[in-house]
Amino acid sequence: MRYLSVCSGVGTDHIAWEGLGWECVGFAEIEPFPSAILAHRYPGVRNYGDFTTIPSDIGSIDLLVGGTPCQSFSVAGQRAGLDDPRGNLTLEFARLARRVRARWIVWENVPGVLSSDGGRDFAAILTAFRECGYSVCYRVLDAQYYGVPQRRRRVFLVGHLGDDWRPPATVLLEQASMRGDSAEGRATSQEVAGTLGGGSGSRGWNSGHWTTFIPVDVDASRVNGCLTTTYGSKNYSNGAHARWAQGQAIAFSAKDYGGDAGPLSPTLRSGTHDASHANGGVMPAVALSTVVRRLTPRECERLQGLPDDWTLVPYRGKPAADAPRYKAIGNGMAMPVLRWIGQRIAMVEGERRAWRR
C-alpha cells in the first residue's frame, strides 16, 4: 500500500503503519514545527506543504489519510463550520482524493463535526465524498479503548473508491461491536477493549476500581516511586499499589473528575500545559495533596502512543522548547487507534485479494 498523508502533524500515521510494510509517498504539512519533526524523522520523504496544490500526477496512491483542522467544528470554538476556511479544507481533502484516485481514504475530526450547523455540515461532507466517488463509513472511536489511558473521542471516516459500501463498513464495524449486547460498566468495556491491541498504558482491577498506569517521566518527577490515581477511591497509599513502588507506572488527576482523581487523562489539547490547565496533571501516590504537577511533553507523547521524545527535535538551531511540542502533540491523532484502522484495512485488502484469486 502506498499512502499520502496530509495535515500530517508529527507523522503519527507513519508510526502506526510502519509494521504493515506500507510506503509513505509524501507528507503535506504547513506548520513550521511539525514540518521540522517530519524533516528530522523522515528526511527521505517529501513534504508537499499545502495539500490543495498537490497535482494529480504524483504517482499511484492507494490510500489518502489526514485529519483536517478541527477548530471550526469544535464545541470549544466558534463553530463556523464549512464557512470557516479551515473547515472548508475537509472538502478540499475529498477533492484531493478524487484527483489522485486513492482507493482508500481515512479522515479524522472532532465529534463536534457531527452536530455543526445542526448536522448539515457533516451531511455536506458525506455528500462531497460520495460525489467524489467514495462509499464511506464513519464511527466515533475513543483512544482509551485502544491501549492508552486518555479519553479522546474522535470521528473516523473510512472510504473506499466505488459503490460497494462493504469494504469501509468492514473496516470500522467489526462484528463484535455490532451485537447490541454489550454489558454496562467500565470493567466490561476494558475487557473488550483489551483485545484490540497493545499500547503504552496498562490497567489493573483493585478493590472494585480501575487503576490506570502509564510510564512516568522520571526526570520530571519529584517523588521516588510511582504516580497513581484510583477511580472512585481516595486511598492512594494502600497495598494494592505497593507493587508499583519502583517508579514504573502512573496516572492522572484532572478537573474533569469534579476535583477527584480519575483513571484517565482528559483529552490532550494543543497549547501549553500547566497545573491549572484543563489537561490536568499527575499526582504523587506517596504524598496525596492538592499540588498537581503538569504533564511533561514526554508523558503527553506516551498518552498519544508516540515514542519517547518523538517531538524533541532540533528547531531553530536548538532543541525544541516545550510549548511547540505540547501544541503538536495535542493536535495529533492517537497512534493506537490509527494502527487498528490500518490493520483492519490490511485485513480487508487481504480478503479481497484472496477472493479475486
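Coordinates for the structure precede this section.
Residue indices follow the written sequence of each chain, beginning from 1 at its first position. Given that this is a predicted model, residues contribute local features only at a pLDDT of at least 70 and side-chain atom pairs are listed and counted only at 80 or more, while totals for whole chains, interfaces and linings are drawn from all residues. Each side-chain value is derived from all of the structure's non-hydrogen atoms; neither hydrogens nor water enter the calculation.

Chemist: What am I meant to see in the sheet that holds strand β2 (residues 23-28) here?
Modeler: Remark on secondary structure: sheet strands pair via backbone hydrogen bonds, oriented parallel or antiparallel. Across the sheet, which stays open at both edges, the six strands sit in the order β2-β1-β3-β4-β6-β5 with mixed pairing between neighbours. At either end of the open sheet lies a strand with only one pairing partner, and these are β2 and β5 (134-142). Ignoring which end each strand starts from, the neighbouring axes of this sheet average 15° apart. Summarising the sheet, strand β1 (residues 2-6) and strand β3 (residues 63-66) pair through four bridges and their orientation is parallel. Within the sheet, the bridge partner assigned to valine 6 lies in β3 and is glycine 66. Pairs of residues are marked as contacts when any of their non-hydrogen atoms sit within 4.5 Å. Fitted lines through C-alpha atoms serve as axes, helices being fitted only where they are in contact, and the angles separating the N-to-C directions of these axes extend from 0 to 180 degrees. Secondary structure elements follow DSSP: runs of H or I of four or more residues count as helices, runs of E of two or more count as strands, with numbering from the N terminus. In the packing of helix α4 (residues 120-131) onto the sheet, contacts are made with β4 (104-109), β5 and β6 (153-161), and the angle to β5 comes to roughly 140°. By definition, two strands form a pair when at least two bridges between them are found by DSSP.

Chemist: I tried to follow the pattern of salt bridges on my own but got confused; where do I start?
Modeler: Proximity of charged atoms lets side chains of opposite charge pair with each other. Basic side-chain nitrogens of Lys or Arg form a salt bridge, by our definition, when they fall within 4 Å of a carboxyl oxygen of Asp or Glu. Taken as a whole and judged by the stated rule, the model has 14 salt bridges. A salt bridge links aspartate 117 to arginine 120; its shortest N-O distance comes to 3.2 Å. Taking the relative accessible area as the measure of exposure, aspartate 117 reaches 43% and is therefore partly exposed. The partner of arginine 130 in a salt bridge is aspartate 163, with the nearest N and O atoms 2.5 Å apart. Taken as a pair, arginine 130 in helix α4 and aspartate 163 in the loop between β6 and α5 (166-172) lie far apart in primary sequence, 33 residues in all. Salt bridges linked by common partners bring Arg298, Glu301, Asp309 and Arg325 together as one network. Each residue is assigned to one of three classes by its accessible area relative to the maximum for its type, calculated with a 1.4 Å probe on protein chains only: buried under 20%, partly exposed between the two thresholds, exposed over 50%.

Chemist: Would you mind going over the side chain of arginine 154 with me for this structure?
Modeler: Turning to its location among the elements, arginine 154 is positioned in strand β6. The exposure class of arginine 154 is buried, given its relative accessible area of 13%. If we skip the residues at most four places from it in the chain, arginine 154 touches Glu108, Asn109, Val110, Pro111, Arg139, Val140, Leu141 and Thr267.

Chemist: Which parts of the structure should I look at to understand helix α2 (residues 32-41)?
Modeler: Note: α-helices contain 3.6 residues per turn, so residues at a spacing of three or four share the same orientation. When we look at burial in α2, the residues that qualify are Phe33, Pro34, Ser35, Ala36, Ile37 and Leu38. Looking at the buried side of α2, the elements it contacts are β2, β13 (314-315) and α8 (322-330).

Chemist: Would you take a moment to explain the nonpolar core for this structure?
Modeler: Among soluble globular proteins, nonpolar side chains are generally buried collectively. Here, the term nonpolar core denotes a set of buried Ala, Val, Leu, Ile, Met, Phe, Trp, Tyr and Cys residues that are joined through side-chain atoms within 4.5 Å. Leu63 and Ile341 are the most contacted members of the largest nonpolar core, which has 41 residues in total. By residue number, the principal contributor to this core is helix α9 (residues 335-356), which donates seven residues. Those residues in contact with isoleucine 341, other than ones at most four positions away along the chain, are Val106, Leu141, Phe156, Val158, Val171 and Leu172. Core analysis: the second largest hydrophobic core is formed by 27 residues, Phe51, Leu64, Leu91 and Ala128 among them.

Chemist: Got a minute to help me understand the packing of aromatic side chains in this structure?
Modeler: Where two aromatic rings form a pair, the distance of their centres and the angle of their planes describe that pair. What counts as a ring pair is set by centres within 6.5 Å for rings of Phe, Tyr and Trp (its six-membered ring), and what kind of pair is set by the plane angle: stacked under 30 degrees, edge-to-face over 60, tilted for all other angles. Within this structure, the stated rule accounts for nine aromatic pairs. Each ring, one from phenylalanine 27 and one from tyrosine 42, has its centre 5.5 Å from the other, and the planes form 40°; the classification is tilted. Here phenylalanine 27, found in strand β2, pairs with tyrosine 42, found in the loop between α2 and β3; they are 15 residues apart in sequence, far enough to count as distant. Considered together, phenylalanine 27 and tyrosine 42 belong to a single accessibility category, that of buried residues. Centroid distance phenylalanine 93 to phenylalanine 129: 6.2 Å. Interplanar angle 80°. Geometry classified as edge-to-face. Taken together, the positions of phenylalanine 93 in helix α3 (residues 85-100) and phenylalanine 129 in helix α4 put the pair 36 residues apart, joining distant regions of the chain. For the pair phenylalanine 93 and phenylalanine 129, a shared accessibility class is recorded, and that class is buried. Here arginine 41 stacks its cationic end above the ring of tryptophan 310, 4.7 Å away from the centre of that ring. Whether a charge sits over a ring comes down to the Lys NZ or Arg CZ being within 6 Å of the ring centre and within 35 degrees of the ring normal.

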